[in-house]
Amino acid sequence: MHLPLRQDANDTGAPDIIHWHGLHIPSREDGSAEEGSPMSAPHGGVQRYAFTARPAGFRWYHSHTYAGHNLNRAMFAGEFGFFMIDPAHSP
């Protein structure tokens, strides 16, 4: 199933990006500026992430706040989360 998993609304004063771990997704959706994912502009910028959620299992995401400059800011602010992808044939 292909669906938007998250819409990132950036209410901070710094560019932001969400990086996903453990998913088979295109570079543009992966949340890595070095791989070509777009940053969300500060003060209300929005980035929509849409991809097929696979493979099944526990996964996590976190912010790459101001990628390459201040990665600690996101971790101390709690900008991360976990989620579970159920197997398609054995929910």
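Owing to the predicted nature of the structure, the values given are computational and were not obtained by experimental measurement.

Calculation notes
Residues numbered from 1 in each chain as written. Predicted model: local features only at pLDDT ≥ 70, side-chain atom pairs only at ≥ 80, totals over all residues. Heavy atoms only, no water. Helix = DSSP H or I, 4+ residues; strand = E, 2+ residues; numbered from the N terminus. Contact = heavy atoms within 4.5 Å. Areas by Shrake-Rupley, 256 points an atom, 1.4 Å probe, with all protein chains shown as cover. Pairing = 2+ DSSP bridges. Axes fitted to C-alpha atoms, helices over the stretch in contact; angles between N-to-C directions. Buried < 20%, exposed > 50% of the residue type's maximum accessible area, 1.4 Å probe, protein only. Phe/Tyr/Trp six-rings, centres within 6.5 Å; stacked < 30°, edge-to-face > 60°. Core = buried A, V, L, I, M, F, W, Y, C linked by side-chain atoms within 4.5 Å.

In terms of regular secondary structure, the chain is built from 2 helices and 5 strands. In the chain, the order of α-helices and β-strands from amino to carboxyl end is β-β-α-β-β-α-β. By sequence separation, contacts in the chain at least 24 residues apart represent 66% of the contacts at least 6 residues apart. Within the structure as shown, the chain displays about 5500 Å² of accessible surface, and the carbon and sulfur contribution to it stands at 55%.

Here the focus is the sheet that holds strand E4 (residues 57–63). Strand order in this open sheet of 3 strands is E2-E4-E5, and the pairing throughout is antiparallel. Each edge of the open sheet is held by one strand with a lone partner, namely strand E2 (18–21) and strand E5 (80–85). Averaged over all pairs of adjacent strands, the angle between their axes in this sheet comes to 25 degrees, without regard to strand direction.

Another point: the pairing of E5. On E5, burial follows the alternation: Gly81, Phe83 and Ile85 on one face are buried, whereas Phe80, Phe82 and Met84 on the facing-out side are not. Where E4 meets E5, 6 bridges bridge the pair, whose relative direction is antiparallel. Looking at E5, one finds that Arg59 is bridged to Phe83.

Let us now look at the environment of Gly45. Assignment of secondary structure puts Gly45 in strand E3 (residues 45–52). Once the C-alpha coordinates of Gly45 and Pro15 are considered, the two residues, 30 residues apart in sequence, prove to be 8.5 Å apart.

All chains considered together, the criterion is met by 6 aromatic pairs. Look at Trp20 and Phe83: their rings are 6.0 Å apart centre to centre, the planes differ by 80 degrees, and that puts the pair in the edge-to-face class. Remark: Phe83 occurs in strand E5 and Trp20 occurs in strand E2; sequence separation between them is 63 residues. The structure contains a cluster of three or more aromatic residues connected by ring pairs, namely Trp20, Phe51, Tyr61 and Phe83.

Counting residues in hydrophobic clusters, the biggest one holds 10 residues: Ile17, Ile18, Trp20, Leu23, Ile25, Tyr49, Phe51, Tyr61, Phe83 and Ile85. Counting residues per element, the ones that place at least two in this core are E2, E3 and E5. Contact partners of Ile85, with chain neighbours within four places excluded, come to Leu23, Ala53, Arg54, Pro55, Ala56, Gly57 and Arg59.

Once that is clear, we can look at the environment of Ala56. With respect to the helices, strands and loops of the structure, Ala56 is situated in the loop between E3 and E4. We classify Ala56 as partly exposed; its relative accessible area is 39%. In this structure Ala56 touches Ile85, Asp86 and Pro87, once residues within four positions along its chain are discounted.

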